[in-house]
Protein chains: 2
Amino acid sequence: MNYGIALFPSKKLQDLVNSYRKRYDTNYALVPPHLTLKTAFEATVENLEQITKELRQIADKSAPLTISIKKVSSFSPVNNVIYLKVEPTEELQELHEKLHTGSLESQPEYAFVPHITIGQNLSDDEHSDVLGSLKMLEMKHEEVVDRFHLLYQLENGSWTVYETFLLGKDCN
Amino acid sequence: MNYGIALFPSKKLQDLVNSYRKRYDTNYALVPPHLTLKTAFEATVENLEQITKELRQIADKSAPLTISIKKVSSFSPVNNVIYLKVEPTEELQELHEKLHTGSLESQPEYAFVPHITIGQNLSDDEHSDVLGSLKMLEMKHEEVVDRFHLLYQLENGSWTVYETFLLGKDCN
C-alpha cells in the first residue's frame, strides 16, 4: 500500500489554496491542501505498527512548527507545479530528516523544499500566465501547526488519513 | 466551523465503495468512504480543546468495533440514499451515544442507522434501478475498526481530518 506523511495548514489557508486548486490543480479532489513531509512510500500492513510507533516517538520529541509563507513560486523548468513557498526552518528540515530514518529510511527524490501546491500539470502557457498573476498577489501568512498525518492512497488516487500525530508532547 | 466524527473502513472496503460512489454519490470527491458516528455540528476553535480531550477519554474506554456488512439498503422514501447497511451492535450504539453527551451533547436528527453511503441525490428512477441491481450482489464483509476521526469541513464542502482517536487504550 502507498503511504505518505503530510501536514494540513489551517482551514483559512486551505480555503484560500483551494480557491486556486479548483482551477489549476488536477489533484484538487484527491487530497486536501497540504505540505508533504514524506512523499509516497510503500509499506505493508505488517510494517505499519512499527512505523506508527516511530512516528509517535518522532512527534513527541518535535515541537510545533511555524509555517511562514511570503511568496508564490514554481518548480519550473523541472515541472509546472505552482506553489506557496513555505520558508525553510531548522524545525521543518529536522522533522523531514527524522521522517527518512529508522523504519522510514529512504532517500528523498528531491531536496526538501517545503511548499503547498496550488497548481500542477499545467501547459507551459497556462503555467506562465497563472504564475505571473499569482506572483502579483500580496502573500503574507504565518501560523503554527501542531500535528501531522500518516495517509494511505486508495485505488482512485485519493488519500485517506490513517492516523494523526500531535507534535511536542515531550517538549513542555 | 463544521465538525463531524466518522470512521473509515479498510482500504479494501473503501475501494469497493468508491467504485459505486464514483457513479452514484455526488459527495464522492468531498470525503473518503466512511461511517458517520456524529453528523455535522458547529464548534468554535476555543471549544475544540475540551472536545478533543473528551474524545480521547471516550476512545480510550471504547473497544475496537466489529463492522459487519450483509446487504445494500436505502433510506427511501425519506431520501434516495443507497448504502451498505452495517449491522447494529451494542458497541456501535454505545459509541454513538457517548459522542452525543458532555461537550458533544446534541440530539441526533435521526435514529442511528450505521451505514456507509454508496449513492445519494439520485433521481427516483435511477435510485430504483441502482438499488435493484446492487441488491442482487452477494455482500458479506466483516472487519475490525480500531479508530475514529474528528473532521472539519472546508468552504468547498470537503472534509479534512483534524485528529485520529485510537480505540481501546484502557480496554486491555
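Starting afresh in each chain, residues are numbered from 1 along the sequence in its written order. Chain letters start at A and ligand numbers start at 1, both assigned in the order the entries are written. For this predicted model, a pLDDT threshold of at least 70 governs which residues receive local features, and a threshold of 80 or more governs which side-chain atom pairs are given and counted, while totals over whole chains, interfaces and linings are taken from all residues. The side-chain figures draw on all heavy atoms in the structure; neither hydrogens nor water molecules are used.

Turning to the relation of the copies chain A and chain B, a few remarks are in order. Taken as rigid bodies, chain A and chain B are interconverted by a rotation of 180° and an axial shift of 0.0 Å, the fit giving an RMSD of 0.0 Å. Put plainly, the chains are arranged around a two-fold axis. When the interface residues of chain A are mapped onto chain B, 100% of them again lie at the interface, so the same face is used by both copies. Copies are brought into register by a least-squares superposition over C-alpha atoms of residues with pLDDT of at least 70 in both. Contacts are assigned to residue pairs with any non-hydrogen atoms lying within 4.5 Å of each other.

Runs of E in the DSSP output that reach at least two residues are strands. Runs of H or I that reach at least four are helices, and both are numbered from the N terminus. Position of L48(B) relative to the elements: it lies in helix α2 (residues 45-61). Burial classes follow relative accessibility: with a 1.4 Å probe on protein chains only, a residue under 20% of its type's maximum area counts as buried, one over 50% as exposed, and anything between as partly exposed. Judged by relative accessible area, which is 5%, L48(B) ranks as buried.

With respect to the helices, strands and loops of the structure, S73(B) is situated in strand β3 (residues 65-74). Residue S73(B) is classed as buried on the basis of its relative accessible area, which comes to 12%.

This part takes up unusual backbone geometry. A cis geometry characterises the amide bond from S76(A) onward to P77(A), with omega recorded as 5°. For P77(A), the position within the fold is in the loop between β3 (65-74) and β4 (82-86). Of note, the phi angle at N121(B) is positive, near 55°, even though the residue is not glycine. One can find N121(B) in the loop between β5 (115-119) and α4 (124-135).

Residue and element names in this part refer to chain A. Pairing of aromatic rings covers Phe, Tyr and Trp, the last counted by its six-membered ring, and requires centre-to-centre distances within 6.5 Å; plane angles under 30 degrees mean stacked, over 60 mean edge-to-face, and any other angle means tilted. One pass over the full model with this rule turns up ten aromatic pairs over all chains. Taken together, the ring pairs in this structure connect Y3, F41, Y152 and Y162 into an aromatic cluster. Comment: the charge-over-ring label is applied if NZ (Lys) or CZ (Arg) is within 6 Å of the ring centre and within 35 degrees of the ring normal. One cation-aromatic arrangement involves K38 over F41; the distance from NZ or CZ to the ring centre is 5.1 Å.

Across the contact, 27 residues belong to chain A and 27 residues belong to chain B. Put simply, buried area is the surface a 1.4 Å probe can reach on two separate parts but cannot reach once they are joined, added for both. Together chain A and chain B conceal approximately 2,000 Å² of surface at their shared face, both sides included; 52% is due to carbon and sulfur atoms. Among the residues chain A hides against chain B, the three largest losses belong to K11(A), R147(A) and L154(A). Together they make up 25% of the total. By definition, a salt bridge exists where a carboxyl oxygen of Asp or Glu is found within 4 Å of a side-chain nitrogen of Lys or Arg. Seen at the junction of chain A and chain B, the total is four salt bridges. Between K11(A) and E155(B) there is a salt bridge whose closest N-O contact spans 2.4 Å. Nitrogen and oxygen atoms within 3.5 Å of one another constitute a polar contact, given that in protein one can donate a hydrogen and the other can accept it, and given that sequence-neighbouring residues count only through two side-chain atoms. The tally of links between chain A and chain B comes to 15 residue pairs in polar contact (both at pLDDT 80 or more). Of all elements in the fold, only α1 (11-24), β7 (147-153) and β8 (159-166) of chain A reach the threshold of two or more residues within the side of chain A that touches chain B. Among the elements that make up the side of chain A that touches chain B, the one with the highest residue count is β8(A) (seven residues).

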